[in-house]
Number of protein chains: 2
Amino acid sequence: MKRKATPRVPAPARPRLRVLLGESIAIGPGKAALLEAIAGHGSISAAARANGMSYRRAWNLVDTMNRCFVTPLVESSAGGAHGGGASLTELGQAVLAAYRDMEIKATRAVAREFEAFERFLAEPEASTPEA
Amino acid sequence: MKRKATPRVPAPARPRLRVLLGESIAIGPGKAALLEAIAGHGSISAAARANGMSYRRAWNLVDTMNRCFVTPLVESSAGGAHGGGASLTELGQAVLAAYRDMEIKATRAVAREFEAFERFLAEPEASTPEA
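Note that the structure is predicted; figures quoted are calculated from it, not measured. (Residues numbered from 1 in each chain as written. Chains lettered and ligands numbered in written order. Predicted model: local features only at pLDDT ≥ 70, side-chain atom pairs only at ≥ 80, totals over all residues. Heavy atoms only, no water.)

*Asks:* Go over the overall build of chain A with me, naming the residues and quoting the values.
*Replies:* Helices and strands together make up the secondary structure of chain A, namely 5 helices and 4 strands. When the helices and strands of chain A are placed in sequence order, the string is β-β-α-α-α-β-β-α-α. Each of the 131 residues in chain A was classed as buried or not, and the buried ones make up 47%. Taking contacts inside chain A between residues at least 6 apart in sequence as the whole, the part at least 24 apart equals 52%. (Helix = DSSP H or I, 4+ residues; strand = E, 2+ residues; numbered from the N terminus. Buried < 20%, exposed > 50% of the residue type's maximum accessible area, 1.4 Å probe, protein only. Contact = heavy atoms within 4.5 Å.)

Have a look at this one:
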């Protein structure tokens, strides 16, 4: 079932860490990247664009994060729908830093096993996102 | 935004490990549980029921896994749609064991950080799965 097409951007296999709270993803690679983009761009809409997602999708991810933690990770300033600025709260900065720290430690802990595991994986181009 | 309702089954917060291949989840907690159920129940339909998912959903997850690895993890025997048996291939068993091993090591590696991280998390009942 392996296809021979060469992917334009070969995405390597990688282990990823997420933190689930009940059935929700409190934080994972996608939400961490979004937090970083919000910190860098100063708005949810610019962060959404930078991460190639719709404003609605980014807003939903922010909303989930804000509900999963004791206090919000992102705060918005006035400016109307899409127009306002957004920034990380103190907790948002702490959560992002803690997640990156755990991510590094988890990745390092499985590095040797993952090297062996990779031999089992097909070429990335053989895979497509599931529906 | 915290609600006071008591969940029937309090799902604790937990760090989870997934392996991405390109944009696909080659294996993660859900797929590992499905593999275990297939090994235990001997069919995809029984494994789907045991994991509270539709046959179609289980079949899609199996299909993704089979495409993500060099050879299939699950093999089906004859018996028509839904009727046939299914079992793990040798690679399926190896991948499941390797994933469980990496999962334990990753969880152990972040245990101390996660304890601190948990203080930031809201009560599980405050969260709902995102759309």
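Now that the structure has been shown, the text picks up again.
*Asks:* Tell me about the confidence of the model for chain A, and please be specific about residues and values.
*Replies:* Residues and elements named next belong to chain A. In the predicted model, chain A carries a mean pLDDT of 84, and the fraction of residues at 70 or more is 80%. Segment residues 1-10 is flagged for pLDDT under 50; beyond a separation of four residues in sequence, or across chains, it makes 9 contacts in the model. At the level of chain-chain contacts, confidence expressed as ipTM amounts to 0.73, with global pTM at 0.77. (pLDDT = per-residue confidence, 0-100.)

*Asks:* Break down the interface of chain B and chain A for me, citing the residues and quoting the values.
*Replies:* Between chain B and chain A, the residue contacts involve 50 residues of the former and 49 residues of the latter. Together chain B and chain A conceal approximately 4500 Å² of surface at their shared face, both sides included; 64% is due to carbon and sulfur atoms. Where chain B meets chain A, there are 2 salt bridges. Where B:K105 meets A:E113, a salt bridge forms, and the shortest distance between an N and an O atom there is 3.1 Å. At the boundary of chain B and chain A, one finds 10 residue pairs in polar contact (both at pLDDT 80 or more). Secondary-structure elements contributing two or more residues to the side of chain B that touches chain A are β1 (14-21), β2 (24-27), α3 (55-68), α4 (90-109) and α5 (111-118) of chain B. The element contributing the most residues to the side of chain B that touches chain A is α4(B), with 10 residues. (Buried area = accessible area lost by both parts, 1.4 Å probe. Salt bridge = Lys/Arg side-chain N within 4 Å of Asp/Glu carboxyl O. Polar contact = N/O pair within 3.5 Å; in protein donor to acceptor, adjacent residues only side chain to side chain.)

*Asks:* Would you mind going over the pattern of salt bridges in detail, with residue names and values included?
*Replies:* All names here are of chain A. All chains considered together, the criterion is met by 12 salt bridges over all chains. Between R16 and E103 there is a salt bridge; the shortest N-O distance is 4.0 Å. Placement of the pair is R16 in strand β1 (residues 14-21) and E103 in helix α4 (residues 90-109), with a sequence separation of 87 residues. With relative accessibility at 14%, the residue E103 sits in the buried group. One salt bridge in this structure joins R67 and D63, with 3.3 Å as the shortest N-O distance. In this pair, R67 and D63 are both assigned in helix α3 (residues 55-68), 4 residues apart and thus about one turn of the helix distant. Among the residues examined, R67 registers a relative accessible area of 15% and is labelled buried. Among the charged side chains, a network of salt bridges with common partners joins R16, E36, R100 and E103.

*Asks:* Talk me through the relation of the copies chain B and chain A; I want residue IDs and the actual numbers.
*Replies:* Between chain B and chain A, the superposition needs a rotation of 180° and an axial shift of 0.0 Å, giving an RMSD of 0.0 Å. On the angle and the small slide along the axis, the relation comes out as a two-fold axis. Looking at chain B, 98% of its interface residues are interface residues in chain A too, so the copies touch through the same face. (Least-squares fit on C-alpha atoms with pLDDT ≥ 70 in both.)

*Asks:* Talk me through the packing of helix α1 (residues 29-41) of chain B against α4(B); I want residue IDs and the actual numbers.
*Replies:* Residues and elements named next belong to chain B. Put simply, α1 and α4 touch, their axes get as near as 10 Å, and they point 135° apart. As judged from the angle between their axes, α1 and α4 are oblique. As α1 runs across α4, the sense of the crossing is left-handed. Contacts from P29, A32, A33, L35 and E36 of α1 reach α4 at G92, L96, Y99 and R100. A per-class count over the contact of α1 with α4 returns 6 nonpolar, 1 polar and 2 charged. (Axes fitted to C-alpha atoms, helices over the stretch in contact; angles between N-to-C directions. Parallel < 35°, antiparallel > 145°, perpendicular 65-115°, else oblique. Left-handed = near helix turned anticlockwise from the far one by under 90°. Nonpolar A, V, L, I, M, F, W, Y, C, P; charged D, E, K, R; others polar.)

*Asks:* Residues and numbers for the packing of aromatic side chains, please.
*Replies:* Applying the stated criterion to the full structure yields 6 aromatic pairs over all chains. Ring geometry for A:F69 versus B:F117: centroids 5.8 Å apart, planes at 85°, classification edge-to-face. Residue A:F69 is located in the loop between α3 and β3 (74-76), and its partner B:F117 is located in helix α5; the two belong to separate chains. We classify A:F69 as buried; its relative accessible area is 2%. For B:F117, a relative accessible area of 1% puts it in the buried group. For the ring pair A:F114 and A:F117, a centre distance of 6.1 Å and an interplane angle of 20° mean the geometry is stacked. Residue A:F114 and its partner A:F117 are both found in helix α5 (residues 111-118); the two are separated by 3 residues, about one turn of the helix. Accessibility expressed as a relative area gives 7% for A:F114, which makes it buried. (Phe/Tyr/Trp six-rings, centres within 6.5 Å; stacked < 30°, edge-to-face > 60°.)

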